[in-house]
Amino acid sequence: MRSSAASDVYKRQVLSKEFWEIVKKDLTEMNYEIIQLRFQENLSYAKIAMRYGIGKERVRLRVLRSLNKLKKNQDIQIIAEDWYNIDVARSLREDREEI
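Colleague: Hey, could you run me through the overall build of the protein in this one?
Modeller: The secondary structure content of the protein amounts to 5 helices and 0 strands. Mapped from its N terminus to its C terminus, the protein presents α and β elements in the order α-α-α-α-α. When the 99 residues of the protein are sorted by exposure, 32% land in the buried category. The long-range fraction of contacts in the protein, counting pairs at least 24 apart against all pairs at least 6 apart in sequence, stands at 52%.

Set out below in structure tokens:
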């Protein structure tokens, strides 16, 4: 029998795997990768833009459009809404740091 802590870790891993499968299914490959870089690796728009050779504002637009699309999926709506709010706050902080 698993301990409660081990069970919680297992549940988070399974939910995480299922969550990312839903995200991947809903987005284009590039947008999926950008969302992973933004939220799993916590990269800034500028670093993601350098990686793909596109402008920072283009990355920001891809993230926002992707999150808006994900918010329409009932299975992950709450997480996508949380990410949207987190991303807006991070974006503002990143913009201030660049000044």
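Anyway, onward from the coordinates.
Colleague: What should I look at first to understand unusual backbone geometry in this one?
Modeller: Glycine aside, negative phi is the norm for most residues, and most peptide bonds take the trans geometry. Here the phi dihedral of N42 falls at roughly 55°; this positive angle occurs in a residue that is not glycine. Tracing the sequence through the fold places N42 in the loop between α2 (29-39) and α3 (45-52). Judged by its relative accessible area of 52%, N42 falls in the exposed class.

Colleague: I keep staring at the nonpolar core and nothing clicks. Help me out?
Modeller: Within soluble globular proteins, side chains that are nonpolar tend to cluster in buried spots. Among the nonpolar cores identified, the biggest contains 21 residues, and V23, I35 and V63 are the most heavily contacted of them. Counting only elements with at least two residues in this core, the list comes to α1 (4-26), α2, α3, α4 (56-71) and α5 (77-98). For this core, the leading source of residues is α2, giving 5 residues.

Colleague: Explanation requested: the side chain of S91 in the structure shown.
Modeller: Here S91 shows up in helix α5. A relative accessible area of 7% means that S91 is categorised as buried. Non-local contacts of S91, meaning those with residues more than four positions away in its chain, are made with R38, Y45 and R60.

Colleague: How should I be thinking about the pattern of salt bridges in this particular structure?
Modeller: Between side chains of opposite charge, a pair can form when the charged atoms approach closely. Inspection of every chain in the model, using the stated rule, returns 4 salt bridges. Taking the shortest distance from any N to any O, the salt bridge between D87 and R38 comes out at 2.5 Å. Of this pair, D87 sits in helix α5 while R38 sits in helix α2, placing them 49 residues apart in sequence. Here R60 makes a salt bridge to E57, at a shortest N to O gap of 3.1 Å. Here R60 and its partner E57 are both found in helix α4, 3 residues apart, which amounts to about one turn of the helix. For R60, a relative accessible area of 12% puts it in the buried group. Through salt bridges that share partners, R38, D87, R90 and E94 make up one connected network.

What counts as what
Residues numbered from 1 in each chain as written. Predicted model: local features only at pLDDT ≥ 70, side-chain atom pairs only at ≥ 80, totals over all residues. Heavy atoms only, no water. Helix = DSSP H or I, 4+ residues; strand = E, 2+ residues; numbered from the N terminus. Buried < 20%, exposed > 50% of the residue type's maximum accessible area, 1.4 Å probe, protein only. Contact = heavy atoms within 4.5 Å. Core = buried A, V, L, I, M, F, W, Y, C linked by side-chain atoms within 4.5 Å. Salt bridge = Lys/Arg side-chain N within 4 Å of Asp/Glu carboxyl O.

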